[in-house]
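These are the residues of each chain, in order.
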Amino acid sequence: MQTGILYATLAYVAWGVFPVYFHRVASVPALEVVMHRTLWSMVLLAVVLVARQQLGWVVGLRSQPRVVAAFLLSALLLSANWLIYVWAVQHQHVVDASLGYFILPLVNVAMGYVFLQERPRPGQWLALAVAAAGVVWLTVQAGRLPWIALVLAVTFGFYGLLRKTAVLGAIEGLALETALLAPLALGCLAWLTWTGQADWPHADAATVGWLIAAGPITAVPLLLFAAGARRIPLATMGVLQYISPSLQFGLGVWLFGEVVQPARLAGFALIWGALVLYTLEGTWRLRRAVPAAGKDREAR
């Protein structure tokens, strides 16, 4: 349990400080950064899978075109999520990006209701309503929808929905997704380089090194997350996941100097309140379920 909490915490901390990395490569356009991230992640994951002798699943994909098609769709959603996130960090919208991951758990509840016929409990409906009020407030204050947050939450929400029913594990799934995207990424990168539009050939050695580091920076948190998820309850993971957007919000305000007006902060407060309701309701439900399960075993 303690080891699992440590692994999961390290994963969420790593994701939380991602803005520092993407700010470091801000001289390279977001699309080019995502191409490098895709290619170097694929290389590292391939090495990991070969070292662990976990390649048996690749052969089975030949007779599973629907699985490949589903992972192609999830790969496109993931790449869109990556692109918007990197663009947001490079254009001083780290706080907006953190909002997307604050509302993600509530978006997941809504998607479960629409696509999986899951029925949210009254406490979850209340949390969704409060979060919706926060989004409406932010929209009114800004005069436009908080599109960065909504796009990040929706793309990753649909990505999670597809992965929820996927037949492959976290490492294998990401390896397949990056492999499917690699030809497109490599082709685009080659074309940009050939036409002189790519930035990386003219970048200094440190920037090139950081682009190559996108592989381990992407894959290592995923490996930690997968190891942690196997060892601790989902309720614990649900609480720990707020580490990431909290760190992103703090970095946006205190490190990158993004200004959050008091009126806008009220919208964030509503969403944070919704997350508190959501977490407390889930914890209360779990505590009630454990004694009930114990009594049921005793009765048997």
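Basis of the calculations
Residues numbered from 1 in each chain as written. Predicted model: local features only at pLDDT ≥ 70, side-chain atom pairs only at ≥ 80, totals over all residues. Heavy atoms only, no water. Helix = DSSP H or I, 4+ residues; strand = E, 2+ residues; numbered from the N terminus. Rg over C-alpha atoms; globule rule 2.2 N^0.38 Å. Buried < 20%, exposed > 50% of the residue type's maximum accessible area, 1.4 Å probe, protein only. Contact = heavy atoms within 4.5 Å. Areas by Shrake-Rupley, 256 points an atom, 1.4 Å probe, with all protein chains shown as cover. Lys, Arg positive; Asp, Glu negative; His and termini not counted. Charge placed at Lys NZ, Arg CZ, Asp CG, Glu CD. Axes fitted to C-alpha atoms, helices over the stretch in contact; angles between N-to-C directions. Parallel < 35°, antiparallel > 145°, perpendicular 65-115°, else oblique. Left-handed = near helix turned anticlockwise from the far one by under 90°. Nonpolar A, V, L, I, M, F, W, Y, C, P; charged D, E, K, R; others polar.

A tally of helices and strands in the protein chain yields 14 helices and 0 strands. Helices and strands appear in the protein chain in the N-to-C order α-α-α-α-α-α-α-α-α-α-α-α-α-α. Relative to the compact-globule value of 19 Å for 300 residues, the protein chain shows a C-alpha radius of gyration of 20 Å, a close match. When its C-alpha atoms are laid out on the principal axes, the protein chain stretches across 70 × 50 × 35 Å. For the protein chain, the residues scored as buried account for 42% of the 300 residues in total. Pairs at least 24 residues apart make up 85% of the contacts formed inside the protein chain by residues separated by at least 6 positions. On the protein chain, roughly 15500 Å² of surface is accessible, and the fraction owed to carbon and sulfur atoms is 69%. With 19 positive and 11 negative side-chain charges, the protein chain shows a spacing of 10 Å between the two charge centroids.

In this section: the packing of helix H1 (residues 2-16) against helix H11 (residues 214-229). Put simply, H1 and H11 touch, their axes get as near as 7 Å, and they point 150 degrees apart. Judged by the angle between their axes, H1 and H11 are roughly antiparallel. Considering the relative orientation of H1 and H11, their crossing is left-handed. Note on element contacts: H11 touches H1 through Pro221, Leu222, Leu224, Phe225, Ala227 and Gly228, opposite Gly4, Tyr7, Ala8, Leu10, Ala11, Tyr12, Ala14 and Trp15. Residues that form the contact of H1 with H11 fall into these classes: 12 nonpolar, 2 polar and no charged.

On to the environment of serine 27, then. Relative to the helices and strands, serine 27 is located in the loop between helix H2 (18-24) and helix H3 (30-51). Taking the C-alpha atoms as reference points, serine 27 and aspartate 199, separated by 172 residues in sequence, lie 7.9 Å from one another. In contact with serine 27, not counting residues within four places along its chain, are Asp199 and Thr207.

Turning our eyes to something else, we now look at the side chain of glutamine 90. Considering the arrangement of structural elements, one finds glutamine 90 in helix H5 (residues 65-90). Other than its neighbours up to four places away in sequence, glutamine 90 contacts Phe22, Val25, Ala26, Val28, Pro29, Ala30 and Val33.

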